[in-house]
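# Tertiary structure, described
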Amino acid sequence: MRLLAPLRSIAGLALPPRCPGCGAVTSEDHRFCAACWGQMRFLAPPWCAACNLPFAFDRGEGARCADCLAVPPRHSGIRAAVAYGDIARSLVLRLKYGGRTGLAETAARHMGRLMPYGSDLIVSVPLHRWRL
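Rules used in this analysis
Positions within a chain are numbered from 1, following the residues in the order the chain's sequence is written. Thresholds applied to this predicted model are a pLDDT of at least 70 for local features of residues and 80 or more for the giving and counting of side-chain atom pairs; totals over whole chains, interfaces and linings are not thresholded and use all residues. Just so you know, side-chain values use all the structure's heavy atoms and leave hydrogens and water out. The helix and strand labels rest on DSSP assignments: H or I over at least four residues marks a helix, E over at least two residues marks a strand, and numbering proceeds from the N terminus. Here's how the labels work: a residue is buried when its accessible area is under 20% of the maximum for its type, exposed when over 50%, partly exposed in between, all with a 1.4 Å probe on protein chains only. The contact rule is simple, with two residues in contact once any of their heavy atoms fall within 4.5 Å. All accessible areas in this document rest on Shrake-Rupley with a 1.4 Å probe, and a residue is counted as covered only by the protein chains that are shown. For this document, the term salt bridge refers to a Lys or Arg side-chain nitrogen within 4 Å of an Asp or Glu carboxyl oxygen. Residues with no salt bridge and a relative accessible area higher than 30% make up the patches, which join like charges within 9 Å and nonpolar side chains (Val, Leu, Ile, Met, Phe, Trp, Tyr) within 5 Å.

## Some thoughts on the overall build of the protein
When helices and strands are counted, the protein shows 5 helices and 0 strands. Here the protein holds 132 residues, and 21% of them are scored as buried. Pairs at least 24 apart in sequence give 46% of the contacts found in the protein among residues at least 6 apart. A total accessible area of about 10100 Å² is found for the protein, and carbon and sulfur atoms account for 59% of it.

Right, here's the structure in full:
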């Protein structure tokens, strides 16, 4: 174990941690630089109790959006860690189509904070019907 710390230090100098959004050098792996972090809109409660669409203000426990009141969804909720913007789009495209599987841990860290206890399934969306 004592040998690993110096090796990590050397590897850190040769291959420093980089921002998943823009590639700028960061202090730790899986961290965004300040510019990319500021461009991302993280999603969190308050949101619709049926579809998890974010609300602008807290409407109380169990509140539903107009669409869910009109036509209730057939699922128990969909969640996203961040709104789909330039940085999130870049990260997702490089992960799904660019073979950058190292970005999966970065994405999972942000998704994990929103997972309800006892969740059965995590699905990457959108999936084309031929890729299911």
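## Here's the deal with the pattern of salt bridges
On inspection of all chains with the given rule, the structure shows 2 salt bridges. The salt bridge partner of Glu-28 is Arg-31, with a shortest N-O separation of 3.5 Å. The salt bridge involving Glu-105 is made with Arg-109; its shortest N-O contact spans 2.9 Å. Of this pair, Glu-105 and Arg-109 both sit in helix 5 (residues 103-112), 4 residues apart, which is roughly one turn of the helix.

## Here we look at a nonpolar patch on the surface
Together, Met-111, Met-115 and Ile-122 give the surface a local cluster of nonpolar side chains, amounting to about 270 Å² of exposed area. With respect to the helices and strands, the residue Met-115 is situated in the segment after helix 5. Residue Met-115 is classed as partly exposed on the basis of its relative accessible area, which comes to 34%.

Without other data, these values stay purely geometric and don't point to any function.
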